[in-house]
Amino acid sequence: MALVGLIRVSTDKQNVDRQHDALDPICVKVFEEKVSGKLAVDERPGLRPTGKWIT
């Protein structure tokens, strides 16, 4: 089974390096977004493309 990762932080000031360190070695694809998690799926640019990998 292949793993797909999603890295999310709420602001541009937050760092994604630690999340990449954890996910990059084990995932075939890692998506990243810097937006609020309260947004709808259609408003989350990093989450939308993950659906193509999860079917």
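Computed from a prediction, not measured in an experiment: that's the story for all the values here. Numbers given for residues are sequential positions, taken from 1 along each chain in its written order. Thresholds applied to this predicted model are a pLDDT of at least 70 for local features of residues and 80 or more for the giving and counting of side-chain atom pairs; totals over whole chains, interfaces and linings are not thresholded and use all residues. With hydrogens and water set aside, each side-chain value is computed from the structure's full complement of heavy atoms.

Trainee: Talk me through the overall build of the chain; I want residue IDs and the actual numbers.
Mentor: Runs of E in the DSSP output that reach at least two residues are strands. Runs of H or I that reach at least four are helices, and both are numbered from the N terminus. When its secondary structure is counted, the chain shows 2 helices and 2 strands. Each helix and strand of the chain, ordered N terminal to C terminal, gives the series β-α-β-α. Projected onto its principal axes, the C-alpha positions of the chain cover 30 × 25 × 10 Å. Per-residue accessibility, obtained with a 1.4 Å probe over protein chains only, is compared with the maximum for each type, and a residue is labelled buried under 20%, exposed over 50%, and partly exposed between these values. With 55 residues in all, the chain has 24% of them scored as buried. Residue contacts are counted whenever heavy atoms from the two residues lie within 4.5 Å of one another. The contacts in the chain between residues at least 6 apart in sequence include a share of 46% that link residues at least 24 apart. For the chain, the exposed surface amounts to about 4200 Å²; the carbon and sulfur share of it is 52%. On the chain, the mean spot of the 9 positive side-chain charges and the mean spot of the 8 negative ones are 3 Å from each other. Areas reported as accessible are Shrake-Rupley estimates using a 1.4 Å probe. Residue values count occlusion only from the protein chains shown. Under the counting rule used here, the positive set is Lys and Arg, the negative set is Asp and Glu, and His together with the chain ends is not counted. To locate a charge, the coordinates of NZ of Lys, CZ of Arg, CG of Asp or CD of Glu are taken.

Trainee: Help me get a handle on the environment of serine 10, residues and values and all.
Mentor: Inspection of the secondary structure assignment puts serine 10 in the loop between β1 (4–9) and α1 (17–23). C-alpha of serine 10 to C-alpha of aspartate 24: the two residues are 14 residues apart in sequence and 20 Å apart in space. If we ignore the near neighbours within four places in the chain, the residues touching serine 10 are Lys34, Val35 and Ser36. Pairing of N or O atoms within 3.5 Å defines a polar contact, subject to two protein rules: one partner must be a possible hydrogen donor and the other a possible acceptor, and residues neighboring in sequence count only if both atoms are side-chain atoms. At 3.2 Å, the side chain of serine 10 and the side chain of arginine 8 are in polar contact.

Trainee: An account of a nonpolar patch on the surface is needed here, citing residue identities and associated values.
Mentor: On the surface, a nonpolar cluster with roughly 390 Å² of combined accessible area is contributed by Met1, Leu3 and Ile26. With respect to the helices and strands, the residue isoleucine 26 is situated in the loop between α1 and β2 (29–34). Each patch is built from residues that are more than 30% exposed by relative accessible area and take part in no salt bridge. Like charges join if they lie within 9 Å; nonpolar side chains (Val, Leu, Ile, Met, Phe, Trp, Tyr) join within 5 Å. Any carboxyl oxygen of Asp or Glu that lies within 4 Å of a side-chain nitrogen of Lys or Arg is treated as forming a salt bridge with it.

All quantities given are derived from atomic positions and should not be read as evidence of function.
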